[in-house]
Structures are given as structure tokens and as C-alpha cells.
Amino acid sequence: GFRSGTLAVPLIVGFARAVELSLEYINEENLRLGELRDQLYTGISMIHPEVMLNGSRDKRLAHNLSLCFPGLDGETMIMKMKGIACSTGSACSSANLEPSHVIKALGRDTELAHSAIRFSLGRFNTETEIDTAISLINRVVKDLKEKKLHRSRVYADGFE
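Bear in mind that the values here come from a model prediction, so they are computed numbers and not experimental data.

S.K.: Would you mind showing me how to read the overall build of the protein here?
M.R.: Counting secondary structure elements, the protein contains 6 helices and 4 strands. Along its sequence from the N terminus, the protein presents helices and strands in the succession α-α-β-β-α-β-α-α-β-α. The globule rule puts the C-alpha radius of gyration for 160 residues at 15 Å, and the 20 Å found for the protein is more than 25% above it. Overall size of the protein, expressed as C-alpha extent along the three principal axes, is 75 × 35 × 30 Å. Considering only residue pairs separated by 6 or more positions, the protein has 74% of its internal contacts joining residues 24 or more positions apart. Charge centroids of the protein, computed over 20 positive and 20 negative side chains, lie 3 Å from each other.

Spelled out as C-alpha cells, the structure:
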């Protein structure tokens, strides 16, 4: 059941060394990523306090931040946030337009689940990148809220 041929020994040794290094720095890296994640959440929620954190504030992965933006569509937000690593759901459900089953399991209704965005951080992210992301995210949220408010006024008052 094994593939014949010579094993790629340099790749195997390189992978083993990468695992050793990852394990050596895992605690420091998790702490750093958790601080960046919290910086991102604070920077968004201070400007948009209606944003809802999905999951526990304390017991969560260091590199992951999932938020609901009530009244906004997650897909629309993502299309306007070029250059930011984010998604409306997991990679395994990327072809599915249904709201995240995980967000629904947390007790969010369908409308809120459609507003959910998951931000992913990585080893090479910096505080400067997080500040840039905060600025872009806050601008997109503000713009979409203003457009939604304008549309609701137009519909309430009739045509302009």
C-alpha cells in the first residue's frame, strides 16, 4: 500500500525541524496571537459596540476571532475588505451559502449568523497590520450602516 520510490529525506528532516521549532515557541506565539486578537476585537468593538463576540471571551483559540455584525451581511463586508484574512464560515463549508452551523449552534439566529465573520491571525501578523485592519473594518462597517440607514429613509419617505 505504499508508493514506491525514494523518500524525500531533506523534506522529512525539514518538516521535523519545523515541528521542533513550533513546539519550542508555541506558548510565546499563542500569547502574542491572543494579544493581537484582543487588539483587533477591542479596536472594532470600541467603535461599533453592537458587534457580538461569538464564543467565550477567555476560552478560545489565540489566532481566531469570530464576530457578528448585526444588521449587516458578512459576504458584502468581506467583498469590501480586500487584503484581510477573513471568512463567513469554515473552509470545509466555503461552497455552502447557508449560515455557519457553528454560529447557529452558539444560539445566533439565521440573520445574525449571516452577519458573522471569522478573522484569522498568523505567525507573521504584526500590530501595525492589526491597526490597519481595524481601520479598514471600521470604515466598511460605518459605510454599510450609513448606506442601510439611507435606504431605510428612502423607503420610509417614498422615492427621493
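Having seen the model, we can carry on.
S.K.: Would you mind showing me how to read the pairing of strand β2 (residues 64-68) here?
M.R.: A regular strand places its side chains on the two faces of the sheet in alternate fashion. For β2, the buried fraction is high: 5 of the 5 residues fall into the buried class. With 2 bridges joining them, strand β1 (residues 52-53) and β2 adopt antiparallel strand pairing. Counterpart to Met-52 in the pairing with β2 is Cys-68. Across 5 bridges, the pairing between β2 and strand β4 (residues 116-120) is antiparallel. Residue pairing across strands places Leu-65 opposite Phe-119, the latter belonging to β4.

Rules and cut-offs
- Residues numbered from 1 in each chain as written.
- Predicted model: local features only at pLDDT ≥ 70, side-chain atom pairs only at ≥ 80, totals over all residues.
- Heavy atoms only, no water.
- Helix = DSSP H or I, 4+ residues; strand = E, 2+ residues; numbered from the N terminus.
- Rg over C-alpha atoms; globule rule 2.2 N^0.38 Å.
- Contact = heavy atoms within 4.5 Å.
- Lys, Arg positive; Asp, Glu negative; His and termini not counted.
- Charge placed at Lys NZ, Arg CZ, Asp CG, Glu CD.
- Buried < 20%, exposed > 50% of the residue type's maximum accessible area, 1.4 Å probe, protein only.
- Pairing = 2+ DSSP bridges.

Honestly, it's all geometry; don't read function into it.
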